[in-house]
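Coordinate inspection notes
So you can see what is in the structure, the chains are spelled out below.
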Amino acid sequence: MATLTDLENAIDALLDHPLGLGQYQLVRRVEEKAYEAYVFGLCLRAVRELGATPVLRGISGAPIPFVFRGAPGQIHSTSRNYGYAEFILNGDEFEIHAGVEFKGSSGMTHELDVCIMRADDADRCRQQPDDPPSASLVAGWECKFYAGNLEKGLGRSFVGLIDDMGTNLRLSGFCSNSSHVQLKDYFQPQGRPHPHFNMTPLEPSNENIFVNQIKGAIKKLTGA
Amino acid sequence: MSNHEYTPQAALELLIRKLAERDPTLAAQVRAVVDQGKDIQESESASRGRKKKYRVYRKTVPYPYDEALQVAVKALAACFVEQPMLIDSCLKNMAQAPVGSPRGFRYPRAPEKRTPVDVLPGTEMHEKDVRIELRTETQLSAEIEASPPIHEMQPLSPIPPDQIAEQLRNLARLKALLDFREE
């Protein structure tokens, strides 16, 4: 029979472990951004699995260290040497960014947590500072790390954002370590973002779905 | 016969209390997750003259204690297992990518478009220094900082695989002790 002491010991073991409270308290202020960094990493994996080599770059030089934005920002920002990745497939060049703002079809700017865009447009916007147009966007994802259930409003906002990103967008998705039954239904109609719920390293099959969707969309786009 | 010396309610109280002793903010967060309750389908007799005898509607109710425990454990798993694993996954995927040379946006793109250019030798399959900005760009001067002070960044440190395995075992043990489904 399981005793209260067994339970106390099990709780202590989880909390007092090196990856327990100490690690959590250190990283919790950036947990949302860490989730974006994780999704960015999965994009790199998708590119590699397509046979291309993603190269890590920085806005103003080699990305050492590789810096993820702490808040949404402009692609041409020179405040820091923010990192991004670049890859070439079948002669087409793309870039992967995190936390970059785009100009929607309405003229309003929107932040995409992680995105894949055409490299020529990204270059142009860095050389002649401007927000990239929605037409330059190939794929975009909202990323939410939640200890509890997702909030419905997050899904509604992202659908509105995607609606303003024009028709060039090949792929969009809402990624989270958590889930929400009603949001899953809400994302079902055609043209709405794919729900990538429960997407964490604890659920490798969900990671594979995400990676395969990227591979499919990029393959179709480049004819690779 | 029960497999537990304690009730689900006592287990939840102990869990929240132990958490609150160490981190009141996280305890409040987990409590809030549990207090969100869950949606259920309720049915009632339809009013007279309708074809269907029953109508079904959605209702949000509190979790029973045994389910509340599972929700609380899921929240803890997000913090103490998923989060380190996310960082580990990110670092592993980034380690495999080479680093581009100090070529900024002022430099033209290479005419040859099929292979990566300007890659720093030896950077592929090599651990990267990855950081997340703490002081955001709107809080800084407009100057580029080649090597920003560490306190402005949160480094993502590599996670030893044995620690992840151990924490997964700790989580599985706790889940087993809080599983009341067969009682």
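Residues numbered from 1 in each chain as written. Chains lettered and ligands numbered in written order. Predicted model: local features only at pLDDT ≥ 70, side-chain atom pairs only at ≥ 80, totals over all residues. Heavy atoms only, no water.

**What about the packing of helix α3 (residues 65-95) of chain B against helix α4 (residues 161-177) of chain B?**
Residue and element names in this part refer to chain B. Across the interface, α3 lies against α4 with an axial gap of 11 Å and an inter-helix angle of 165°. Between α3 and α4, the angle falls in the class roughly antiparallel. Our pair here, α3 against α4, has a crossing hand that is left-handed. Contacts between α3 and α4 involve V73, A77, F80, V81, M85 and D88 from the former and I164, Q167, L168, L171, L174 and K175 from the latter. The class makeup of the residues in the contact of α3 with α4 is nine nonpolar, one polar and two charged. (Axes fitted to C-alpha atoms, helices over the stretch in contact; angles between N-to-C directions. Helix = DSSP H or I, 4+ residues; strand = E, 2+ residues; numbered from the N terminus. Parallel < 35°, antiparallel > 145°, perpendicular 65-115°, else oblique. Left-handed = near helix turned anticlockwise from the far one by under 90°. Contact = heavy atoms within 4.5 Å. Nonpolar A, V, L, I, M, F, W, Y, C, P; charged D, E, K, R; others polar.)

**Some thoughts on the sheet that holds strand β2 (residues 66-68) of chain A**
Taken in spatial order, the three strands line up as β2(A)-β3(B)-β4(B) in an open sheet, and their pairing is mixed. Edge positions in the open sheet fall to β2 of chain A together with β4 (153-155) of chain B, since each of these has one partner strand only. With direction set aside, neighbouring strand axes in the sheet form an average angle of 30°. The sheet contact formed by strand β3 (residues 130-133) of chain B and β4 of chain B spans three bridges and is antiparallel. When the sheet's bridge partners are listed, E133 of chain B is paired in β4 of chain B with M153 of chain B. (Pairing = 2+ DSSP bridges.)

**Observations concerning α4 of chain B**
Compared with the 24 Å implied by 1.5 Å per residue over 17 residues, the 25 Å span of α4 of chain B between its first and last C-alpha is a close match. For α4 of chain B, the complete set of buried residues consists of I164, Q167, N170, L171, L174 and L177 of chain B. All buried residues of α4 of chain B lie within an arc of 150° about the axis, which places them on one face of the element. Across from the buried face of α4 of chain B, at angles greater than 90 degrees, the exposed residues are P161, D162 and R169 of chain B. If you follow the buried residues of α4 of chain B, they end up packed against α1 (4-16) of chain A together with α3 of chain B. (Expected span 1.5 Å × (residues − 1). Buried < 20%, exposed > 50% of the residue type's maximum accessible area, 1.4 Å probe, protein only. Arc of directions from axis to C-beta.)

So, to be careful, I would describe these as geometric facts and stop short of saying anything about function.
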